[in-house]
Amino acid sequence: RDMASGGAVDSQSFTMKVRAFNGVAIQASDIQIATDLEPSEAADNPFYKNGFLVRPNISTLIAAPFLVINSYMELYHVDRVPTSEFFIRYSIADTAGRRVKQEEVKRQRAASSIVELHTIVVDELPSGEYYLVATVFNGYISSATDSVQAVIPITIRNPDKDFAITQQQGSVLLQADLLDPIFAGLKESELETEFEKAK
């Protein structure tokens, strides 16, 4: 139903595969990217989830001037973590799978299910396609016996960083053009000899 126009209604039927969350190991929901996360008691709001208003970023486009990724995730069976705290690693990976940014956060073991909110600043990354990867460890990272991972593709648009990179590459190319290839591989003593000859 169109929230802005009550008369516009449509429907579609499809098969949905739902993961089971009744195991004994720590588990995670999918990641939801949000434009805004704020505490709320407005349970009648369509964006209300577990005490928060989670306004979705459907396109998962992160664009200037707000180059931050707000994520919402639910974690299950965290009361079965063998240590008093556990860790979550948030990584940004490029399309080749290389990690270009990483943050680790510590959480206290709590009730069976908890809400995990996280904000990561990405203003140093150039425009492009990336993945947000959240790895939830069953305890300390160094000794965790297992982990669970959630991944979501994101797009970053950062024209200021793109411009800075272009300027920097242009400067490097200009410097390279000024260096004669004949002298590029010479040691300092060899360059001094060549300079004396030229004098």
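So, a few notes on the structure that sits alongside this text. Here, residues in each chain are numbered from 1, in the same order as that chain's written sequence. Since the coordinates come from a predicted model, pLDDT governs what is reported: local features require at least 70, and pairs of side-chain atoms require 80 or more to be given and counted, while whole-chain, interface and lining totals use all residues. Here the side-chain values reflect all heavy atoms present in the structure, with hydrogen atoms and water set aside.

On the surface, a cluster of nonpolar side chains totalling about 380 Å² of accessible area is made up of F14, M16 and V18. The helix and strand labels rest on DSSP assignments: H or I over at least four residues marks a helix, E over at least two residues marks a strand, and numbering proceeds from the N terminus. With respect to the helices and strands, F14 occurs in the segment before β1 (27-28). Exposure categories follow from relative accessible area, calculated using a 1.4 Å probe and restricted to protein chains: below 20% of the type maximum is buried, above 50% is exposed, and the middle band is partly exposed. The exposure class of F14 is exposed, given its relative accessible area of 60%. Only residues whose relative accessible area exceeds 30% and that form no salt bridge are eligible for patches; like-charged ones are grouped when within 9 Å, while nonpolar side chains (Val, Leu, Ile, Met, Phe, Trp, Tyr) are grouped when within 5 Å. All accessible-area figures derive from a Shrake-Rupley calculation using a 1.4 Å probe, and residue coverage is judged against the displayed protein chains alone. What counts as a salt bridge is simple: a side-chain nitrogen of Lys or Arg found within 4 Å of a carboxyl oxygen of Asp or Glu.

Another aspect to go through is the packing of aromatic side chains. For this analysis, a ring pair means two rings from Phe, Tyr or Trp (six-membered ring only for Trp) whose centres lie within 6.5 Å, classed as stacked if their planes differ by under 30 degrees, edge-to-face if by over 60, and tilted for the remaining angles. Summed over the entire model, instances satisfying the criterion amount to 1 aromatic pair. On the numbers, 5.9 Å between centres and 45° between planes, the contact of F87 with Y140 is tilted. Pair noted here: F87 is in strand β7 (residues 85-94) and Y140 is in the loop between β10 (128-137) and β11 (147-157), with a separation of 53 residues, a long-range link. A relative accessible area of 18% means that F87 is categorised as buried.

Here we take up the pairing of β10. Buried residues dominate β10, accounting for 8 of its 10 residues. At least two bridges found by DSSP between two strands is the condition for calling them paired. Summarising the sheet, β7 and β10 pair through 7 bridges and their orientation is antiparallel. From the neighbouring strand, D94 faces β10, where its bridge partner is Y130.

This is a description of form; function is not addressed.
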